[in-house]
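Each chain, letter by letter, is given below.
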Amino acid sequence: MATASDRTAPAAALRIRRVLREPFTAATWRRVAYAVLAFPVGVLCVPLALIGGPAGRVQRGLARRLLGAELPGSRRGLVHALLATPVNLVVMAVTLYGWSIVPMNLGWPLRAGSDYSDAWGGPTFAGAYAFHAFFGGVGFLLLMPWLGRAMAALQMRIARHLLS
């Protein structure tokens with residue numbers, strides 16, 4: 001007879017597998033691309049909307065191509081470009097910084113001025129490198145896709161409200 005723990009073991013293994021695979025999926029990298037491009041596209045859409053251009057269509061197209069989100073509607077994109085700009089700037093900064101931490105910590109010994117005696121994980125070189133690689137490199141590699149999901153959901157909520 002199967003116990004409750006026998007049934008939850010495969011479910012737990014599937015969740016762990018999903019967490020470990022998420023940084024390497026195409027959907028994750030499309031969200032990263034959207035997080036990085038939404039701000040400059042939004043800024044470029046402000047003058048485009050002011051001259052009567054298709055700013056809303058450009059912003060809906062970006063969301064459709066990178067996030068697969070269909071945003072029906074014919075509203076112009078000026079309001080979205082103006083109101084979403086602060087959020088998109090923060091999302092872009094967090095995304096670029098968070099993903100840059102991964103190679104920066106995996107390659108910690110290559111950084112100039114990396115004195116391992118005072119570094120976290122020190123006073124030995126092996127301890128400092130292991131600490132940086134595991135917590136800063138692998139930790140952020142596993143964290144950033146989930147943070148990206150949350151930020152993309154916020155961006156899409158704003159876009160649905162202002163563009164649809």
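Bear in mind that the values here come from a model prediction, so they are computed numbers and not experimental data.

Further remarks concern the overall build of the protein. When you go through the protein residue by residue, the secondary structure sums to five helices and zero strands. Helices and strands in the protein line up, N terminus first, as α-α-α-α-α. In terms of C-alpha radius of gyration, the protein reaches 21 Å, well past the compact-globule figure of 15 Å for 164 residues. Counting all 164 residues of the protein, 35% fall into the buried class. In the protein, 68% of the contacts between residues at least 6 apart in sequence involve partners at least 24 apart. Of the roughly 9900 Å² of accessible surface on the protein, a fraction of 70% belongs to carbon and sulfur atoms. For the protein, the centre of its 17 positive side-chain charges and the centre of its 5 negative side-chain charges are spaced 19 Å apart.

Our next topic: the UniProt feature "transmembrane region" (unreviewed entry) in the protein. Mapped onto this structure's residue numbering, the UniProt feature "transmembrane region" (unreviewed entry) falls at residues 32-56, 77-99 and 126-147. Helix and strand shares over residues 77-99 are 96% and 0% respectively, and the end C-alpha atoms of the span are 29 Å apart. Within the segment residues 126-147, helix and strand shares are 100% and 0% respectively, and the terminal C-alpha atoms sit 30 Å apart.

On to the nonpolar core. Formed by 16 residues in total, the largest nonpolar core has its most connected members in Y34, C45, L62, A63, L71, M156 and A159. Of all the elements, helix 2 (residues 26-50) adds the most residues to this core, at six residues. Here C45 is in contact with A55, V58, Q59 and A81, once residues within four sequence places are set aside.

A word on the packing of helix 4 (residues 78-106) against helix 5 (residues 125-163). The contact between helix 4 and helix 5 brings their axes to 7 Å, and the two run at 165 degrees. Overall, the two elements helix 4 and helix 5 adopt an arrangement that is roughly antiparallel. Once helix 4 is placed against helix 5, the crossing between them reads as left-handed. Residue composition of the contact of helix 4 with helix 5, grouped by class: 24 nonpolar, nine polar and no charged.

What follows is about empty space enclosed by the protein. Summed over all chains, the structure comprises three cavities of 30 Å³ or more. For the largest cavity, the calculated volume is near 70 Å³. Along the walls of the largest cavity sit 13 residues, with R31, V32, A35, T95 and G148 positioned nearest its centre. Put simply, the parts of the chain that give the lining of the largest cavity at least two residues each are helix 2, helix 4 and helix 5. Per-element tally for the lining of the largest cavity: the top contributor is helix 5, with six residues. What lines the second largest cavity is Y34, A38, V41, G42, Q59, L62, H80 and N88. Only helix 2, helix 3 (55-67) and helix 4 provide two or more residues apiece to the lining of the second largest cavity. The leading source of residues in the lining of the second largest cavity is helix 2, at four residues. When its residues are assigned to classes, the lining of the second largest cavity shows four nonpolar, four polar and no charged.

About the cut-offs
Residues numbered from 1 in each chain as written. Predicted model: local features only at pLDDT ≥ 70, side-chain atom pairs only at ≥ 80, totals over all residues. Heavy atoms only, no water. Helix = DSSP H or I, 4+ residues; strand = E, 2+ residues; numbered from the N terminus. Rg over C-alpha atoms; globule rule 2.2 N^0.38 Å. Buried < 20%, exposed > 50% of the residue type's maximum accessible area, 1.4 Å probe, protein only. Contact = heavy atoms within 4.5 Å. Areas by Shrake-Rupley, 256 points an atom, 1.4 Å probe, with all protein chains shown as cover. Lys, Arg positive; Asp, Glu negative; His and termini not counted. Charge placed at Lys NZ, Arg CZ, Asp CG, Glu CD. UniProt positions renumbered as here; feature names shortened; annotations may be inferred. Core = buried A, V, L, I, M, F, W, Y, C linked by side-chain atoms within 4.5 Å. Axes fitted to C-alpha atoms, helices over the stretch in contact; angles between N-to-C directions. Parallel < 35°, antiparallel > 145°, perpendicular 65-115°, else oblique. Left-handed = near helix turned anticlockwise from the far one by under 90°. Nonpolar A, V, L, I, M, F, W, Y, C, P; charged D, E, K, R; others polar. 1 Å grid on protein atoms, 1.4 Å probe; cavity = no way out; pocket = protein on both sides within 12 Å on 5 of 7 lines; lining within 4 Å. Points joined across faces, edges and corners; volume = space filled by probe spheres on them.

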